[in-house]
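# Per-entry structural report
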Amino acid sequence: MLKTPDEVDPAFRADVLAGLAEPIPSIPARWLYDLRGSELFDDITRLPSYYPTRTETALLEAKMPEIATLACRDCAIVEFGSGSSTKTPLLLETMKPRAYVPIDISGEYLRDSAARVDAQFPRLPVHPVEADFTKEVALPAAIEGLRRLGFFPGSTIGNFIPRSATDLLRHFRDILGTGSKLLIGMDRVKPVERLLAAYDDPQGVTAEFNLNLLHRINRELGADIPVDAFRHEARWHDMNGRVEMHLVAVRDTAFAIDGRRFAFAKGASIHTENSHKYGARGARLLLLAGGWTPLAEWTDAAGDFALILAEAQRNRFAP
Ligand code: TRP
């Protein structure tokens, strides 16, 4: 889809130009999710090798009655990065919340998904908010006075380095307020082969998703990146406990964005995403550091994926 220059988010241009000029070239992962990227990501979630979505969905289905009793009484559900909102109906059916607020950075995609939820739950007020949830988010006035349950599935928290992840959790606490709860999905550490297969599928959908970022830069920023000069790569970084996604130059290449030249030698990469994996203790510690006290936890039988319910901490010092 072609965007006129004034439709292009200036933050996209700024992030791309600054990120590519870094000693380790990188582009913040949020820019993977334009309309095309959001569609491709939805395809990823249905891949056989991508276990997180089906594991988390089955877990939600199996445990929902218990989760619902603990998590939400007459609450408003606020979903961060709602995407296609496919897991949400499970919550909405059982919890019967008073309102649903899906927040997503991809406005076009959000409106379609919200309309689908609206059609499926005619009596539920749905208030979509197009926003980058890492920034200031104004919750709709309509949910004022309602208790809030934040919903942050898909292990999206793992896409933030731990320092930013704790900032983000604190930010959610500020947005939702004390007295709120958070239901969060976190992928667990597991054998490297399975992790890498989830981020580098034989069908090449993840590669297409990653490479779409270069197409987006060409489309929206009028750049001339030879996309075929890059290939998708997933790497396990053991010390940092994460899968990294890169776009690696397959030959020496150069291009211009906004009149600025960038050169990549063969083998050099653009780092586009991280997906951190947590053990049980690490996951809880991350939440505690981010201002949320874990209340309950559910995992699948294989221990592949965890759902954690946490409560916003009151402001106080030790003990
Ligand atoms: N939250 C997802 C994850 O970390 C995002 C994701 C899945 C992703 N596959 C990807 C991001 C491939 C970039 C590239 O599992």
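Above this text sits the structure in question.
Every chain's residues receive numbers from 1 upward, in the order its sequence appears when written. For this predicted model, a pLDDT threshold of at least 70 governs which residues receive local features, and a threshold of 80 or more governs which side-chain atom pairs are given and counted, while totals over whole chains, interfaces and linings are taken from all residues. Side-chain metrics rest on all non-hydrogen atoms present in the structure, leaving aside hydrogens and water.

## Quick word on the overall build of the protein
- Here a strand is any run of E in DSSP of at least two residues, a helix any run of H or I of at least four, and the numbering for each starts at the N terminus. In terms of helices and strands, the protein carries 9 helices and 12 strands.
- Whereas a compact globule of 319 residues would reach a radius of gyration of roughly 20 Å, the protein reaches 20 Å, a difference of no more than 12%.
- For the protein, the spread of C-alpha atoms along the principal axes amounts to about 55 × 45 × 40 Å.
- For every residue, the accessible area obtained with a 1.4 Å probe (protein chains only) is divided by the maximum for its type, and the residue is called buried under 20%, exposed over 50%, and partly exposed between those limits. Counting all 319 residues of the protein, 55% fall into the buried class.
- Any two residues whose heavy atoms approach within 4.5 Å are treated as being in contact. Contacts in the protein between residues at least 24 apart in sequence constitute 70% of all its contacts with a sequence separation of at least 6. The atom set for the radius of gyration is the C-alpha atoms, and the globule formula is 2.2 Å times the number of residues raised to the power 0.38.

## Let's talk about the pairing of strand β4 (residues 147–152)
- Within β4, 5 of the 6 residues are buried, which leaves it mostly tucked inside the rest of the structure.
- In terms of strand pairing, strand β1 (residues 75–80) meets β4 through 5 bridges, oriented parallel. Across the sheet, the residue bridging to Glu-79 is Phe-151, located in β4.
- In short, DSSP must find at least two bridges between two strands for them to pair. Two strands pair when backbone bridges link them, and β4 and strand β5 (residues 181–187) are joined in this way by 4 bridges, in the parallel orientation. For Gly-150, the partnering residue across the bridge sits in β5 and is Leu-182.
- Seen with the strands pointing away from the viewer, any crossover whose path from the first strand over the helix to the second strand runs clockwise is right-handed. For the handedness criterion, the β-α-β arrangement of β4, helix α6 (residues 162–176) and β5 is classed as right-handed.

## Observations concerning the site of the ligand
- In the vicinity of the ligand, 14 residues are found, and the nearest of them are Tyr-50, Gly-154, Asn-159, Tyr-199 and Ser-275.
- Only α8 (205–221) and β10 (269–276) provide two or more residues apiece to the shell around the ligand.
- In terms of residue class, the shell around the ligand is built from 7 nonpolar, 6 polar and 1 charged. Nearness is judged by heavy atoms alone; a residue qualifies as near a molecule or strand once a single heavy atom is within 4 Å of it. Any residue that is not Ala, Val, Leu, Ile, Met, Phe, Trp, Tyr, Cys, Pro, Asp, Glu, Lys or Arg is counted as polar, Gly included; the first ten are nonpolar and the last four charged.

## Regarding the nonpolar core
- Counting 40 residues, the largest nonpolar core has Leu-20, Leu-214, Ile-217, Phe-230 and Ile-257 as its most contacted members.
- Elements with a contribution of two residues or more to this core: α1 (10–20), α2 (35–44), α7 (192–198), α8, β6 (230–237), β7 (242–249), β8 (253–257) and β9 (260–264).
- Sequence-distant contacts of Leu-214, that is, excluding residues within four places in its chain, are made with Ile-225, Val-227, Phe-230, Leu-247 and Ile-270.
- Only buried residues count toward a nonpolar core, which is a set of Ala, Val, Leu, Ile, Met, Phe, Trp, Tyr and Cys residues joined through side-chain atoms within 4.5 Å. Counting residues in each nonpolar core, the second largest holds 33 residues, with Ile-143, Leu-286, Leu-287 and Ala-310 among its members.

## What about the sheet that holds β7?
- Here we have 3 strands laid out as an open sheet, ordered β6-β7-β10, and antiparallel in their pairing. The sheet terminates laterally at β6 and β10, the two strands that pair on one side only. Taken over all neighbouring pairs, the strand axes of this sheet differ in orientation by 20° on average, direction set aside.
- Of the pairings in the sheet, the one linking β7 to β10 comprises 7 bridges and is antiparallel in character. Bridge pairing in β10 links Leu-247 to Ile-270. Only C-alpha atoms enter the line fits that serve as axes; for helices the fit covers just the stretch in contact. Angles between N-to-C directions range over 0 to 180 degrees.

## A closer look at the pattern of salt bridges
- When a carboxyl oxygen of Asp or Glu is within 4 Å of a side-chain nitrogen of Lys or Arg, the pair counts as a salt bridge. By the definition in use, this model includes 22 salt bridges.
- A salt bridge links Asp-42 to Arg-46, with the shortest nitrogen-to-oxygen separation between them at 3.3 Å.
- Asp-42 sits in the buried class, given a relative accessible area of 14%.
- With its nearest N and O atoms 3.0 Å apart, the salt bridge here joins Arg-284 to Glu-297. Taken together, the positions of Arg-284 in helix α9 (residues 280–289) and Glu-297 in strand β11 (residues 292–299) put the pair 13 residues apart, joining distant regions of the chain.
- Overall, Arg-284 belongs to the partly exposed group, its relative accessible area being 26%.
- One network of salt bridges, with partners in common, ties together Asp-15, Arg-30, Asp-132 and Lys-135.

## What about the packing of aromatic side chains?
- Note on ring pairs: Phe, Tyr and Trp rings are taken, using the six-membered ring of Trp, and paired if centres are within 6.5 Å. Classes follow the plane angle, with under 30 degrees stacked, over 60 edge-to-face and the rest tilted. Evaluated as defined, the whole model comprises 16 aromatic pairs.
- A centroid spacing of 3.7 Å and a plane angle of 10° characterise the contact between Phe-80 and Phe-172, whose relative ring orientation is stacked. Pair noted here: Phe-80 is in strand β1 and Phe-172 is in helix α6, with a separation of 92 residues, a long-range link. The same class applies to Phe-80 and to Phe-172, which are both buried.
- Plain terms: the ring middles of Phe-255 and Phe-262 are 6.0 Å apart, the flat faces sit at 35° to each other, and that makes the pair tilted.

## Considerations on the packing of α6 against α9
- With their axes 8 Å apart at the nearest point, α6 and α9 run at an angle of 55° to one another. Comparing their axes, α9 and α6 come out oblique. Contact residues: α6 offers Pro-162, Ala-165, Thr-166, Leu-169 and Arg-170, while α9 offers Leu-286, Leu-287 and Ala-289.
- Across the contact of α6 with α9, the residue classes tally to 6 nonpolar, 1 polar and 1 charged. Our angle categories are set so that under 35 degrees counts as roughly parallel, over 145 as roughly antiparallel, 65 to 115 as roughly perpendicular, and the remainder as oblique.

## Details of unusual backbone geometry
- In the Ramachandran plot, Asp-74 falls in the positive-phi region, its phi being about 50° despite a non-glycine side chain.
- Mapping Asp-74 onto the fold places it in the loop between α3 (51–71) and β1.
- Located in the positive-phi region is Ser-85, a residue other than glycine, with phi close to 55°.
- Relative to the helices and strands, Ser-85 is located in the loop between β1 and α4 (88–95).
- Of the residues examined, Ser-85 reaches a relative accessible area of 6% and is grouped as buried.

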